[in-house]
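For reference, the chains in residue letters:
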Amino acid sequence: MKNQESIHALDLAPVSKAESAPKTKSNLMQTFLSIFAAGPVKPGESYGAPGQGKSLAISLFTTAFLILIWHIATYLQWVKPLFLPSPVAVVQRFWEVATEGFANATLLEHTGWSMMRVFSAFFLAFLTAVPIGILMGVNRIVRGLFDPIIEFYRPLPPLAYLPLVIIWLGIGEVSKVVLIYLAIFAPMALSARAGVKSVAIEQIHAAYSMGATRWQVIRHIILINALPEILTGMRIGIGFGWTTLVAAEMVAAQAGLGFMVLNAAEFLVTDVVIMGIIVIGIIAYLFDLFMRYLERKLVPWKGK
Amino acid sequence: MSRLQIHDVSVQFPGMNGGESVTALSEINFQIEPGEFVVALGASGCGKTTLLNLMAGFIQPSNGYLTLGDSDISGLPRVACGLDLQDQITGPGKDRGVVFQKHALLPWLNVLENAAFGLKLQGVGKKERIERASYFLKLVGLEDFHKHPVYQLSGGMQQRVGIARGLTNDPQMLLLDEPLGALDALTREVLQELLLDVWRKTQKMMFFITHSVEEALFMASRLIIMSPRPGRITHDFSLDFNKIFLETRDARQVKSMPEFIAMREKVLGIIHGDEVLNGGAH
């Protein structure tokens, strides 16, 4: 009830000033403001928890607003289409590339190649980084061995060691996957290691007091406790993977979203550049949504 | 019957930043006999928890030995103790269950799985696990909560899961570090009575830490009072208020007995005197 009142108060202010504002306008305004109004307090919600409540409608509004501004800017020809093509042109180009292709490959092929590179690197990183991160957390020898390597190369930009990777591994698929793999490996391993460190010592003590062996403590306590951080590491890692994709596809790629964007940029086909960026963004975002879903399913006890 | 013995044990913690080392416990000689309910009472920093951690095997003594078993090392000279140490406590083990001050439950397991966790570690079959865990969950009044996630339970219920978990594992002794400290008065009394019932039924050795004088007197068959800087046992009383309760089932009656009140005043006097001697506890 209180909420509705507050919406009303917000709504009435401009109307009473304008006096003769039509009713439909007021309804529109009300709908618009209701996006930002906090929903009714749900039972069981705790007071003062930072940032609680839904934000989906606001996010959709932001997206729509940006596209609208983009449309207006191009429609009124504030910028030349060479620098910023209109949304319509980008959508048309999307359809064209999807059906006819660009640079000797269709959009599906470009996407397929990029996803193959990113996800095989991601998969390899998952298989190696998580066990090594866990071992770095529980074993001082492994920590000593890997710590200098990871800490040294982690802050380096992938573009800096790309030439070396190419000299060593050639210009084929291997060097592309390895470059992305390296970018994903470090954040994933460090997250797994941090996950190990986040275990409450009481839980470990409790397990030992119930007769657990060292291996059982690692498997039943440490690994499960590290799971939320491992999942966070996977989310951060895949982000780094997409970031590195364009760098990986800079050299001797025949297809791929990064290649497509670079190729289009060379010929100043700006609408393909923007379309490629949006496709990469959407794929990365969808995967992140999937990871968040996985997190809710796998670790509902997180933070409890 | 095995007993727990502490022989000339001292614990020093290294000083921070090269400062002087802190003596947490100094030359403790003490034993817990089979079937005893020992309560440790004392101001903060007197080494109660350090003593419990020693018994649990979570920390090692700087000097001396702890044993759990049949051998009797009490009164033996220090040298002789080194000869017969097959019972020496060198780390945590399933013969000593621990109930922690703050719940150390596993949030990804439900109530039943938490209680049966120790049995699972030992490879006990599922049917027997459920059977034994259910028995103790019923004992602590949680028979209707088997499938609940532990993080949805109240503090008192979580603590009951912790107690049931300790008991399901069937240890020789149960170490309880202020298990009721965070609970409201009513739940606290219910769990006090519950622990006494469990103790009578199982005849396990109990080592129970508390800050509450009343709780200490009510629960203990033996009460030790500890004093800080350096941590040591200064008083050792045999009590039977818990047995009176187990016969009469009237906790308030027991706690208002003249003897109980007199003892409470005496213990409070000891603790306060102690604080004055040490320039006041922090």
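These figures come from a predicted structure and were not determined experimentally. Here the residue index of a chain counts from 1 through its sequence in written order. Ligands are numbered from 1 and chains lettered from A, in the order in which they are written. Confidence filtering applies because this is a predicted model: local features only for residues at pLDDT of at least 70, side-chain atom pairs given and counted only at 80 or more, and all residues used for totals across whole chains, interfaces and linings. Side-chain numbers come from the whole structure's heavy atoms, not from hydrogens or water.

**Q** Hey, could you run me through unusual backbone geometry in this one?
**A** Trans peptide bonds make up most of the peptide bonds, and negative phi angles are found at most residues other than glycine. All names here are of chain A. Phi angles above zero are rare outside glycine, and alanine 252 is one such case at about 55°. Each helix is a run of DSSP H or I of at least 4 residues and each strand a run of E of at least 2, with the numbering of both proceeding from the N terminus. For alanine 252, the location among the structural elements is in the loop between α10 (214–248) and α11 (257–266). Among the residues examined, alanine 252 registers a relative accessible area of 40% and is labelled partly exposed. In this scheme, a residue with accessible area under 20% of its type's maximum is buried, one over 50% is exposed, and one in between is partly exposed, where area comes from a 1.4 Å probe on protein chains only.

**Q** Which parts of the structure should I look at to understand a nonpolar patch on the surface?
**A** Nonpolar side chains (Val, Leu, Ile, Met, Phe, Trp, Tyr) are joined into patches within 5 Å and like charges within 9 Å, using only residues with over 30% relative accessible area and no salt bridge. The Shrake-Rupley method, run with a 1.4 Å probe, gives the accessible areas here. Residue values count only the displayed protein chains as cover. The term salt bridge refers to a pairing of a side-chain nitrogen on Lys or Arg with a carboxyl oxygen on Asp or Glu at a separation within 4 Å. On the surface, Leu68(A), Ile72(A), Tyr75(A), Leu76(A), Trp78(A), Val79(A), Leu82(A), Phe83(A) and Leu268(A) cluster together to form a nonpolar patch covering roughly 990 Å² of accessible area. By the element assignment, Leu76(A) lies in the loop between α3 (56–75) and α4 (87–99).

**Q** Mind showing me how you'd approach the sheet that holds strand β3 (residues 37–42) of chain B here?
**A** Pairing between the strands of a sheet comes from backbone hydrogen bonds, and it takes one of two forms, parallel or antiparallel. Residue and element names in this part refer to chain B. We call two strands paired when DSSP finds no fewer than two bridges between them. Here six strands make up an open sheet; going across it, the order is β5-β6-β7-β3-β8-β9 and the pairing mixed. A strand with exactly one partner marks an edge of an open sheet, and here the two such strands are β5 (96–99) and β9 (232–238). With strand direction ignored, the average angle separating the axes of adjacent strands in the sheet is 20°. When β3 meets strand β7 (residues 205–210), the two strands line up parallel, connected through five bridges. Counted as the bridge partner of valine 39 is phenylalanine 208 from β7. Axes here refer to lines fitted to C-alpha atoms; in helices the fit is confined to the stretch in contact. Angles between the N-to-C directions go from 0 to 180 degrees.

**Q** Explain the sheet that holds strand β4 (residues 63–69) of chain B here, please?
**A** All names here are of chain B. The strand order across the open sheet formed by three strands is β2-β1-β4, and the pairing between neighbours is antiparallel. Each edge of the sheet is formed by a strand with only one pairing partner; in this case those strands are β2 (22–32) and β4. Strand after strand, the sheet turns through a mean of 15° between neighbouring axes, direction not considered. Pairing between strand β1 (residues 3–13) and β4: six bridges, direction antiparallel. Within β4, the position partnered with leucine 4 by the bridge is leucine 68.

**Q** Can you walk me through the pattern of salt bridges in this structure?
**A** Note that side chains of opposite charge can pair when their charged atoms are close. Residues and elements named next belong to chain A. One pass over the full model with this rule turns up 20 salt bridges over all chains. Across the pair arginine 292 and aspartate 288 runs a salt bridge whose closest N-O atoms are separated by 3.2 Å. Placement of both arginine 292 and aspartate 288 in helix α12 (residues 270–298) is noted, with a separation of four residues, approximately one turn of the helix. The class of aspartate 288 is buried, set by a relative accessible area of 15%.

**Q** Which parts of the structure should I look at to understand the pairing of β1(B)?
**A** Each regular strand carries side chains that alternate between the two faces of the sheet. Residues and elements named next belong to chain B. Most of β1 sits out of view: nine of its 11 residues are buried. The pairing of β1 with β2 spans seven bridges and is classified as antiparallel. Looking at β2, one finds that isoleucine 6 is bridged to phenylalanine 30.

**Q** Help me understand the packing of helix α5 (residues 126–139) of chain B against helix α6 (residues 155–168) of chain B, please; the structure alone is not making it clear to me.
**A** Packed helices, taken two at a time, are described by their axes: the angle between them and the distance between them. Residue and element names in this part refer to chain B. At a minimum axis distance of 9 Å, the contact between α5 and α6 shows a crossing angle of 135°. On the basis of the axis angle, α5 is oblique to α6. Where α5 crosses over α6, the handedness of that crossing is right-handed. For the pair α5 and α6, the contacting residues are Arg132, Ala133, Phe136 and Leu137 in the first and Ala164, Leu167 and Thr168 in the second. Here the residues of the contact of α5 with α6 are counted per class, giving five nonpolar, one polar and one charged. For classification, angles of less than 35 degrees are called roughly parallel, those exceeding 145 degrees roughly antiparallel, those between 65 and 115 degrees roughly perpendicular, and all remaining angles oblique. Note on convention: near helix rotated counterclockwise from far helix by under a right angle means a left-handed crossing. Clockwise means right-handed. The contact criterion used throughout is that any non-hydrogen atoms of two residues lie within 4.5 Å. Following the grouping adopted for this structure description, the nonpolar residues are Ala, Val, Leu, Ile, Met, Phe, Trp, Tyr, Cys and Pro, the charged ones are Asp, Glu, Lys and Arg, and the polar ones are all others, Gly among them.

**Q** What should I look at first to understand the interface of chain A and chain B in this one?
**A** Often the size quoted for an interface is simply the accessible area lost on bringing the parts together. On the chain B side, the residues contacting the 18 residues of chain A number 20 residues. Contact with chain B buries surface across chain A, with Ser209(A), Met210(A) and Trp301(A) losing the most and accounting together for 36% of the total. Across the contact surface, chain A and chain B share zero salt bridges. When contributions to the side of chain A that touches chain B are tallied by element, the ones reaching two or more residues are α9 (201–209) and α10 of chain A. No other element matches α9(A), which puts seven residues into the side of chain A that touches chain B. In this description, buried area is defined as the sum, over both parts, of the accessible area (probe of 1.4 Å) that is lost when the two are combined.

**Q** For this particular structure, what's the right way to read the packing of aromatic side chains?
**A** The geometry of an aromatic ring pair is captured by the separation of the ring centres together with the interplanar angle, meaning the angle of the planes. Residues and elements named next belong to chain A. Between 30 and 60 degrees the pair is tilted, below 30 it is stacked and above 60 it is edge-to-face, where a pair is any two Phe, Tyr or Trp rings, Trp via its six-membered ring, whose centres lie within 6.5 Å. The final tally for this structure, using the stated rule, is 15 aromatic pairs over all chains. Judged by centre distance (6.4 Å) and plane angle (90°), the rings of phenylalanine 119 and phenylalanine 122 are edge-to-face. Note that phenylalanine 119 and phenylalanine 122 are positioned in helix α5 (residues 107–138) at a spacing of three residues, about one turn of the helix. Taking relative accessible area as the criterion, phenylalanine 122 reaches 9% and is therefore assigned buried. Their ring planes at 45° and their centres at 5.7 Å tell us that tyrosine 181 and phenylalanine 185 sit as a pair that is tilted. A residue pair is termed a helical-turn pair when its members lie 3 or 4 positions apart in one helix, as tyrosine 181 and phenylalanine 185 do in helix α8 (residues 173–197) at four residues. Note on accessibility: tyrosine 181 and phenylalanine 185 belong to one class, buried. One aromatic cluster is present, built from ring pairs that chain together Phe119, Phe122, Trp242, Phe287 and Phe290.

Function cannot be read off these values alone, since they describe shape.
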